[in-house]
Amino acid sequence: MEKHQITSAVIGLLVFGIIIWLVRRDHLHGRFAIRWFAIGFCCALLGIFPGITDWIAVRIGIAYPPILAVILGIGFLVLKMIMMDIERSKNEIKLRRLAQRLAMLESDFFNLQKKE
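The following paragraphs examine the structure supplied in this document. (Residues numbered from 1 in each chain as written. Predicted model: local features only at pLDDT ≥ 70, side-chain atom pairs only at ≥ 80, totals over all residues. Heavy atoms only, no water.)

Check the secondary structure of the protein and you find four helices and zero strands. In the protein, the succession of helices and strands from N to C terminus is α-α-α-α. A globule of 116 residues ought to have a C-alpha radius of gyration of about 13 Å, yet the protein, at 24 Å, is considerably larger. Along the longest, intermediate and shortest principal axes, the C-alpha atoms of the protein span 85 × 35 × 15 Å. Summarising the internal contacts of the protein: among those between residues at least 6 apart in sequence, 48% fall at separations of at least 24. When the accessible surface of the protein is totalled, it reaches about 9800 Å², and 70% of it is carbon and sulfur. In the protein, 15 side chains carry a positive charge and 9 a negative one; their mean positions are 3 Å apart. (Helix = DSSP H or I, 4+ residues; strand = E, 2+ residues; numbered from the N terminus. Rg over C-alpha atoms; globule rule 2.2 N^0.38 Å. Contact = heavy atoms within 4.5 Å. Areas by Shrake-Rupley, 256 points an atom, 1.4 Å probe, with all protein chains shown as cover. Lys, Arg positive; Asp, Glu negative; His and termini not counted. Charge placed at Lys NZ, Arg CZ, Asp CG, Glu CD.)

Structural data, given as structure tokens:
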């Protein structure tokens, strides 16, 4: 096993350990942890068996196999950004509805106070 393989495998195992620690401390929600576990697993797997990247790249027609990791990384970053925007949109809608409900309740409250 070469040094870069050992380094990649260690990084993958460190990601696993950090994710477990964050989940146990309630700093990271379980559904997000699954994604990070997958990333750690892929790092460890590709660190131990770097030929997998070459094999997959050749099969899908990529001439320079190491670029496959870059393409996948950029693709996952774009996907993550889209998911974050969807979550943010949902939160903004909830916040707007809560503000509207609060405004209606305040209006009802002030109308009841005026009647007394």
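This part is about the side chain of Thr-53. By secondary structure assignment, the location of Thr-53 is in helix H3 (residues 51-60). Under the relative-accessibility criterion, Thr-53 is labelled buried at 13%. Not counting chain neighbours up to four residues away, the residues in contact with Thr-53 comprise Leu-46, Pro-65 and Leu-68. (Buried < 20%, exposed > 50% of the residue type's maximum accessible area, 1.4 Å probe, protein only.)

Quick look at helix H2 (residues 30-48) now. Between its first and last C-alpha, H2 extends 27 Å over 19 residues, near the 27 Å set by a 1.5 Å rise per residue. Every buried residue belonging to H2 is among Ala-33, Gly-40, Ala-44 and Gly-47, and all of these are buried. Mapping the buried residues of H2 onto a view down its axis gives an arc of 60°, with all of them on the same face. Contact partners of the buried residues in H2: helix H1 (3-24). (Expected span 1.5 Å × (residues − 1). Arc of directions from axis to C-beta.)

Per the counting criterion, the structure on display carries two aromatic pairs. Here Phe-16 and Phe-37 contribute two aromatic rings whose centre-to-centre distance is 5.4 Å and whose plane-to-plane angle is 55°, an arrangement assigned as tilted. Of this pair, Phe-16 sits in helix H1 while Phe-37 sits in helix H2, and the two are 21 residues apart along the sequence. For Phe-16, a relative accessible area of 27% translates into the label partly exposed. (Phe/Tyr/Trp six-rings, centres within 6.5 Å; stacked < 30°, edge-to-face > 60°.)

Oppositely charged side chains can pair when the atoms bearing their charge come close. Going through the model one piece at a time under the given rule, you end up with one salt bridge. Note that Arg-88 and Glu-92 form a salt bridge whose closest N and O atoms lie 3.2 Å from each other. On the criterion of helical spacing, the pair formed by Arg-88 and Glu-92 is a turn pair, its members being four residues apart in helix H4 (residues 67-115). Given the relative accessible area of 38%, Glu-92 is considered partly exposed. (Salt bridge = Lys/Arg side-chain N within 4 Å of Asp/Glu carboxyl O.)

To continue, consider a nonpolar patch on the surface. A grouping of Tyr-64, Ile-67, Val-70, Ile-71, Ile-74, Val-78, Ile-82 and Ile-86 is seen on the molecular surface, where their side chains present a nonpolar patch of about 740 Å² in accessible area. Counting through the fold element by element, Val-78 comes out in helix H4. Given the relative accessible area of 44%, Val-78 is considered partly exposed. (Patch = residues over 30% accessible without salt bridge, like charges linked within 9 Å, V, L, I, M, F, W, Y side chains within 5 Å.)

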